[in-house]
Amino acid sequence: MADGPALPLFAWLSPAFPVGAFAYSHGVEWAVETGQVKDAASALDWIGDVLRDGSGRNDAILLAMAHRATLAGDDAALAEAAELAVALQPSRERCLEATAQGNAFVAAARASWPTPALDRLAACWPGDVCYPVALGVVAAGHGVAPRATLEAFLLAFVANLVSAAVRLGPLGQNDGQRIVAALMADVREVAHSGETAGPDDLGGSAFRSDIASLRHETQYSRLFRS
């Protein structure tokens, strides 16, 4: 089952899947406002740090935990992953970003990609569901391999931050695609290391990104919800 086809990931992580990812910048908007992200080079540095040393890495671990717990039928481990995912959000807006997308993913998957795994999740965790946990559960329920799920999720994460930076103006479309290409090896590495990681491996050092999410809450003029 864990070696199932990856094709559904193209649908689940498509911009057409109704999770509203386009509405969130993950703090990039504040970084642009303050000049910390001002061109392609600084955008690459910022997004790469978040991917390798911040929420990208943690989300990969949480996704893998949820995937493993779902396959094993371990409700306690699944509830732990769901609870940790919410508890680790560093700000109100980042919590909104993670849970709004996660809850939307669960609702859309129930409607169009149903799986008993979602019933198990609801039974063991009654609260809000963060996006990586929701994807991990649904992917496991449909037999999609964890490595493919992690790589696709992290690539979509990078692409969404790049899209936010492009829409905010400091870089163009071609620069944005060069950033995605430059981070491809990092996506694979974070997916590889996250696949077998557990709760003790959670943690990060992308503090400026966390601070950006806090500062964005009171930013005067905003396009994004985070």
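Just above, that's the structure.
A quick note: this is a predicted structure, and the numbers were derived from the prediction, not measured.

Chemist: Help me understand the side chain of Asn160, please; the structure alone is not making it clear to me.
Modeler: Its location among the elements puts Asn160 in helix α9 (residues 146-168). A distance of 3.4 Å separates a polar atom in the side chain of Asn160 from the backbone oxygen of Tyr24. Aside from chain neighbours lying at most four places away, what touches Asn160 is Ala21, Phe22 and Tyr24.

Chemist: So what exactly am I meant to see when it comes to the packing of aromatic side chains here?
Modeler: Here a ring pair, both rings aromatic, is described through the centre-centre distance and the interplanar angle of the planes. For the coordinates displayed, the defined rule picks out five aromatic pairs. Taking 5.2 Å as the distance between ring centres and 45° as the angle between the ring planes, the aromatic pair formed by Phe17 and Phe105 counts as tilted. In this pair, Phe17 is assigned in the loop between α1 (8-12) and α2 (28-33) and Phe105 in helix α6 (residues 92-112), connecting sequence segments 88 residues apart. What makes Phe105 buried here is its relative accessible area of 0%. A centroid spacing of 5.7 Å and a plane angle of 75° characterise the contact between Tyr131 and Phe153, whose relative ring orientation is edge-to-face. Of this pair, Tyr131 sits in helix α8 (residues 131-141) while Phe153 sits in helix α9, and the two are 22 residues apart along the sequence. Taken individually, Tyr131 and Phe153 each receive the classification buried, so the pair is uniform in this respect. Among the aromatic side chains, those forming a connected cluster through ring pairs are Trp12, Phe17, Phe105, Trp113, Tyr131 and Phe153.

Rules used throughout
Residues numbered from 1 in each chain as written. Predicted model: local features only at pLDDT ≥ 70, side-chain atom pairs only at ≥ 80, totals over all residues. Heavy atoms only, no water. Helix = DSSP H or I, 4+ residues; strand = E, 2+ residues; numbered from the N terminus. Polar contact = N/O pair within 3.5 Å; in protein donor to acceptor, adjacent residues only side chain to side chain. Contact = heavy atoms within 4.5 Å. Phe/Tyr/Trp six-rings, centres within 6.5 Å; stacked < 30°, edge-to-face > 60°. Buried < 20%, exposed > 50% of the residue type's maximum accessible area, 1.4 Å probe, protein only.

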